[in-house]
Each structure stands twice: as C-alpha cells, then as structure tokens.
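Residues per chain are reported as follows:
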Amino acid sequence: HPGDGYLAWLQYRRITAGTNVDQYAAYNHLVVTEQDDVVIRSAVNELTQGMEGITGRKVSISGKTETTPSIIIGTFGTGLAIDKSFSTGVSDAVKAEGYALQTDSITGNIAIGAATPAGVLYGVFHLLRIMGTGGSVHNLNILENPVNQLRMINQWDNMDGSVERGYAGKSIFYEDNRVTSNLQRIQDYARLLASSGINAIAINNVNVHRVESRLLTEFLPDVAKLAAIFRAYAIKLFLSVNYASTIEIGGLSSADPLDSDVREWWRTAASEIYAEIPDFGGFLVKADSENRPGPFTYGRDHADGANMLAEALKPHGGIVIWRCFVYNCKQDWRDRTTDRARAAYDHFQPLDGRFMDNVILQVKNGPIDFQVREPVSPLLGAMPKTNQVIEFQIAQEYTGQQRHVCYLIPQWKKIMDFDTQLQGEGTTIQRIVEGDVHGNPYSGFAAVSNIGNDTNWTGHLLAQANLYGYGRLAWNPEMSAEEIAMEWITLTFGTNELLVQTILNILMNSWVIYESYTAPLGVGFMVNPDHHYGPNVDGYEYSMWGTYHFADCYGMGVDRTTATGTGYTSQYARINMELYESLESCPDELLLFFHHVPYNHVLHSGKTVIQHIYDTHFEGAERAAGLLDAWKLVKGQVDEEAYQHVANRLAEQAEHAKEWRDRINTYFLRKSGIADQWGRTIY
Ligand code: GCU
C-alpha cells in the first residue's frame, strides 16, 4: 500500500509532472553485457523496476545498443558499448566502488560505467535518484567515488526476535531462536541499504548471548544464505561474536587470547566460516563491556584480544572490528574520581601501535553514550597507528525512541566538522574518519540500525530519513543535512512544494527541539532507567552506570576540568582542552558536561543557567506542539494513512514534551528555589 511506508525512498512512482518528465519516457531500452554477475543482476533489476515505475513503460534489455537513446551499464573493459562511452581519463578516475554517469550529447545514451559491479549498482541508484527527484538527465556528467571506505550498519538483533534498543517492532532477521525464512524482507532491506550506499552489515547484536554464539557454527548455513542476499547488493556480512566463544560453544575452559588452544579454536572457526562464505567480512566484538566477557579476565589487554581474532581472520582477508565502548559499569556513585567519559581513551589510546593491521577500533561519536548532545570523543584521531571507524546510533535510544521526531544528520554533521586540532588546524573528524589524516588502511562509518519488522521499517515514518541520511553521509560527508533531507523527502513523498517544505522544516528543527525539552546544556541522561524513555532527572543519579549530573541546591554539572575535576579535558589537543577547561570559553551547549556551576551562572547567551532551563523547556514543549500544527496543514496533500500515522506520533510527542518540561522545571525549581523570571506555571 502506497502510504504504509514499506517502499520507503524506493517508490519509483510514476512521474507525471515537472519540467523533465518528457525526457525520462525515451529511456526504455537497457544495454548490459555482464548478465551473469549477481550485483549487476541486482542493478539491472533495480533499473528495470525503477524505469518501468517512473515512465510507466516496459523496459527491454539486450547485450548491445539497438536503439537510441539507451541506458548502457557495465564495468570498464567488458564490452564495446560501455567502453566507447567513456574516455580513459574518466575510467582511470573511477575508484573501486565509484562510477561515472554520462549522457552522450549526440545519441542521448546514458552510460553508467564503473570499475566494479558494486560501482555499477551505485551508479544505477544515482540515476534513479535523479529521476525520482525530477532532475534532468540531459547532459549528465557525473563522477563519484565514496569518501568513506567502510559504510557499515550494525543490527542489534537477537535470535529470539527481539531487537536491543529496537523501536520499530521485532527483528526481520530472527524469530524463535532461528534465522528467518522471510528472505524477501531481508532482500528489500538490502536494497534500501545499497541504495543509500551501505557496503557492510553485522547481522546480530553486539551483546552476543548463548544462542547467537552458535551463528558461527551450527547456524552457519543460514548465515550463508543471508550473506548471499547481501552479496547481491554489494554488502559484506559480518557477525558479532562472543569473545568467550571458546568456553560458550567450544568446549574449552579458557578464552585467554594467548592460550594456544584458544587461538587454534578461532583459526578453525574462521576457516569453517570462509569455506561457507568466501567473502565473509569478519567479526564485530564488544568485549569487557557491560558484563560481556573479554581479555581482562586473563590479565590481557584489548590488543591481545583483538589480535588473536585478527590472526585467525587474516589468511582469509577478514577484519576484526573491536568496539571501544569499554568502561566500568559497576562504578560506585559515591566515587567522584572515576569518570566514565574518560574510559575509552584511557583504555585504548596507550595501545596505539599494538593492533594488527586488520583490526579496526570502533569508537562511539561521544565519550558517554549517544546523548542528544555530547562533545566529540577525544579518542577519534588520537591513535595514528591504528585503524578507526566512528560509531553513530541511528536507533533513537536517547533521542525520542522513534516516537519523537529527531532528524540526526545535523548532529552528525556537527561531529564531522569538529576540529580535533590533533595535527594542527583543520584536523577535522571528517578527515580522520575518511582516513586522510593518518593514512590507515581501513576507516569509515558504522552505525546502529533503527529498523524492525514494522511495515514502515522505522516505527516513525520520519525516522526513515535517519537511515537514508546515514548512508548518504557515509558516502559523501560533504552533503549538507538539508540536501540529504530534500532528497529523502522528494523520493519518499514526491515534489508537492507545501509538503516538501513542511517536512523539511520539521526535520531540520527536530534535533534542537528535542534537545530543548530534555536534559539541558550537555549534561545528558535524566531518563528513566533501563528502557531510557521519558524524563527521570535522578533516574541514574545514584546508580553504578557513571552518568551523573550532581545537582544540589546550589548548582549542577560535572567538573571534568584538569584543574579541579576529573581531568577529562586533558584528553583533547591543547587548544580544545583550553576551550573546554575555561568557563569563559566553554560553549554553552556543553557547559554542564564540563563544569559544575551555580544556577545563577550567566551563560554567553546572557541568561542564567536556571532561566535557560526554564525558557528552553517552555519553548521546547511549545515548538513540539508547533510541529503537529505544521503537519495538520498538509492534510490532503499526502496519503491519508501516512498523514494519520505521522499526526499520531507528533501528537504523542507534543504531550510527552509537556511531561519533560514539567518534570525538569519542577525538579530544578525545587532544588534551586529560584523562581521563573516570567512567572509561568511550574508545579
Ligand atoms: C548502550 C545501550 C546498550 C548497548 C550499549 C552498547 O549502553 O543502552 O543497550 O548494548 O550501548 O553500545 O554496547
């Protein structure tokens, strides 16, 4: 059904209006020579389906140009039609997954040439994106290479069918402790991912329990089936593995990375996997974190642990992606010397140079845990001799759980633009992540998926923009958040101007609105324990998880300075350290992350901290209600089912924002005893 969201941004709806429509109808002939390659086959299917949808005409396929204009696709050096479409300069400039896309001014033929079938597939999606957004296909002259090499998705799916931090139904991968038999849905997911540029996926939760440990062994034939589906969309499959698999399923009594039996077990396991899945990507590992096993048990460090697995995968070309989300989750809240924010850097930075070259460290974007606002992790870029990827969370665990709208691309852009200053000015996260600064063999993006088996994939229809945007940003971080949003909106909803503008405004304001009625000034958390939905200012204040705000009757915030606090600021390059260290220069939005201040401390904005809290929470709840009002104006302009769905979610958000407002404001009025300057109702 068109309004149920299942087709997401791959609508291929008939384009009947707009200045370029007439151009498309001419293209109903496709030329392709390499019909036996699986990825090319996917590209052909996609192009056929897309063109037939967009033009309403049947597409014919052949091995050579019979009529003009045609669409010619293929890898360089495989046929006359494709090779004579491009000059050698062009084909030389196209890298592994890139493509060239050109219109011949005489014949009108559109050619998509690439070095690999994957490049052809990406080029096909590009052409369909142009038409899907109503663009001209005359005079195309495009050459694209992905900026980031690894563009990965992490599923946090468990084999019982649940999804850790999943807000869109159950797993599409597993049910009843088995791999799903609904392979069609997996294939549709693969299409969505490939169309946005994703090239790798880890198919199970990083918390690997007993059953999931057996994905390596008894479920391997099923994993191979999934790998085949993703392979056809140029996506490499990875497994999250249990660090203690040797004990859990291997019949050994140890998981010591230096024990020869343990190492042998992993070598055999790897060989068996590659016998079934020759292009298997490798392992994703969460070790010594949140009660998961790891090398610490044996007095070894994370380089020992990662290298053991890397050695097993190396002969097969596999890689180990080792997560840096390692901290003490049994902290005593009375202990003011331990700072969770410091943990990743403290654990990993000293190990620089010790990891094998097929190990990649996966570093969360911030030092705590995907909060609505955090500084950038100081570990990123701080290990020149080690491969790193940045980890984002598309799933909105702390940003409204896909009940509230929160378009995350602006947040990620801000992170990418952060100048670490590690090698002088201009050492941005973007340059570090793309591998430009240290020249490591591997680099890129990873992120926790936000999908489940809800018909519309993401629970909130507007949350699809985050999945799409993640892929697009990973492909090309130069794209702006608006550009990405515009693409997604137009592909998903069409070109109706009022509708497009309304959704664009909703998306572009949503992150700041969400931030304004939740935890203030970078302090984080203040959510209900466990499920993390909804306000609870002291929810984590007396817990062992290391996420505190230290509010008392005088003030609040965490002193992470080097002068008087936990010393976290010293993990940054000197210039950033000084920026955060000083109350005068610390940006308002992160003030309470770095400093403990009195409620009447005056921000750069001129407001006191307490008045800022009241103002942002009143405004935030009002602006959340405004999102619903804006949406109501597009009734009748959008499919009714989609309209109702979004209206319901926005209504829930508006209500829930009031709950946030009142809880936060009341809490701080009671703590501080300082009245709202404008005398508004605080309970
Ligand atoms: C968060 C999240 C957990 C998850 C963890 C991780 O703490 O709440 O569910 O397992 O991150 O990234 O490993």
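For clarity, every value in this text was computed on a predicted model and none was experimentally measured. (Residues numbered from 1 in each chain as written. Predicted model: local features only at pLDDT ≥ 70, side-chain atom pairs only at ≥ 80, totals over all residues. Heavy atoms only, no water.)

Enquirer: Explain the site of the ligand here, please?
Expert: Of all residues adjacent to the ligand, which total 14 residues, the nearest are Glu 164, Lys 286, Arg 323, Lys 364 and Glu 397. The separation between an oxygen atom of the ligand and a polar side-chain atom of Lys 286 is 2.6 Å. Taking Lys 364, its side chain carries an N or O atom lying 2.7 Å from an oxygen atom of the ligand. With respect to the pocket detection grid, the ligand is positioned in the second largest pocket. For the shell around the ligand, a count of residues per class yields 4 nonpolar, 2 polar and 8 charged. (Near = heavy atom within 4 Å. Polar contact = N/O pair within 3.5 Å; in protein donor to acceptor, adjacent residues only side chain to side chain. 1 Å grid on protein atoms, 1.4 Å probe; cavity = no way out; pocket = protein on both sides within 12 Å on 5 of 7 lines; lining within 4 Å. Sits in = over half its atoms within 2 Å of the grid points. Nonpolar A, V, L, I, M, F, W, Y, C, P; charged D, E, K, R; others polar.)

Enquirer: Which parts of the structure should I look at to understand the layout of surface pockets?
Expert: Take a probe with the size of a water molecule and roll it over the atoms, and the empty space left behind shows itself. Roughly 650 Å³ of internal volume is contained in the largest pocket. Surrounding the largest pocket, 25 residues form its lining, Ala 96, Glu 97, Gln 149, Asn 199 and Lys 236 being those nearest its centre. In the lining of the largest pocket, the residues fall into 13 nonpolar, 7 polar and 5 charged. Quantified by volume, the second largest pocket comes out at close to 370 Å³. Along the walls of the second largest pocket sit 25 residues, with Glu 164, Arg 165, Glu 290, His 532 and Trp 545 positioned nearest its centre. Considering only residue class, the lining of the second largest pocket consists of 8 nonpolar, 6 polar and 11 charged. (Points joined across faces, edges and corners; volume = space filled by probe spheres on them.)

Enquirer: Explanation requested: the packing of aromatic side chains in the structure shown.
Expert: Two descriptors summarise a pair of aromatic rings, namely the distance from one centre to the other and the angle between the planes of the rings. With the rule as written, the count across this model stands at 35 aromatic pairs. Taken together, a centroid distance of 5.0 Å and an interplanar angle of 90 degrees make the contact between Trp 265 and Trp 266 edge-to-face. A relative accessible area of 17% places Trp 265 in the buried class. Given a relative accessible area of 0%, Trp 266 falls into the buried group. Ring pairs connect the aromatic residues Tyr 6, Phe 173, Tyr 174, Tyr 189, Phe 230 and Trp 457, which therefore count as one cluster. (Phe/Tyr/Trp six-rings, centres within 6.5 Å; stacked < 30°, edge-to-face > 60°. Buried < 20%, exposed > 50% of the residue type's maximum accessible area, 1.4 Å probe, protein only.)

Enquirer: Just to check I follow, could you spell out the sheet that holds strand 10 (residues 200-202) for this structure?
Expert: Hydrogen bonds along the backbone pair up the strands of a sheet, which may run parallel or antiparallel. The strand order around the closed barrel formed by 8 strands is 7-10-11-12-13-14-15-16, and the pairing between neighbours is parallel. Averaged over all neighbouring strand pairs, the angle between strand axes comes to 25 degrees, with direction disregarded. Where strand 7 (residues 150-154) meets strand 10, 3 bridges bridge the pair, whose relative direction is parallel. What sits directly across from Ile 153, in strand 10, is Ile 201. In this fold helix 8 (residues 220-231) packs onto strand 10 and strand 11 (236-241), with an angle of close to 145 degrees to the strand it touches most, strand 11. (Pairing = 2+ DSSP bridges. Helix = DSSP H or I, 4+ residues; strand = E, 2+ residues; numbered from the N terminus. Axes fitted to C-alpha atoms, helices over the stretch in contact; angles between N-to-C directions. Contact = heavy atoms within 4.5 Å.)

Enquirer: When you look at the UniProt feature "domain: Glycosyl hydrolase family 67 C-terminal" (unreviewed entry) in the protein chain in this model, what are you seeing that I'm missing?
Expert: Mapped onto this structure's residue numbering, the UniProt feature "domain: Glycosyl hydrolase family 67 C-terminal" (unreviewed entry) falls at residues 458-680. Taken end to end, residues 458-680 is 52% helix and 2% strand, and its first and last C-alpha atoms sit 37 Å apart. (UniProt positions renumbered as here; feature names shortened; annotations may be inferred.)

Enquirer: What is the right way to read the pairing of strand 13 (residues 319-323) from this model?
Expert: Regular strands have side chains that alternate between both faces of the sheet. When you tally the buried positions in strand 13, you get 5 out of 5 residues, the bulk of the element. Residues Ile 319, Ile 321 and Arg 323 of strand 13 are buried on one face, and the alternating residues Val 320 and Trp 322, pointing to the opposite face, are buried as well. Looking at chain direction, strand 12 (residues 282-285) and strand 13 are connected through 4 bridges and run parallel. From the neighbouring strand, Leu 284 faces strand 13, where its bridge partner is Ile 321. For the segment spanning strand 12, helix 11 (residues 302-313) and strand 13, crossover handedness is right-handed. Summarising the sheet, strand 13 and strand 14 (residues 359-364) pair through 4 bridges and their orientation is parallel. Bridge pairing in strand 14 links Val 320 to Val 359. Handedness of the β-α-β unit built from strand 13, helix 12 (residues 343-348) and strand 14 comes out right-handed. (Right-handed = clockwise from strand over helix to strand, strands pointing away.)

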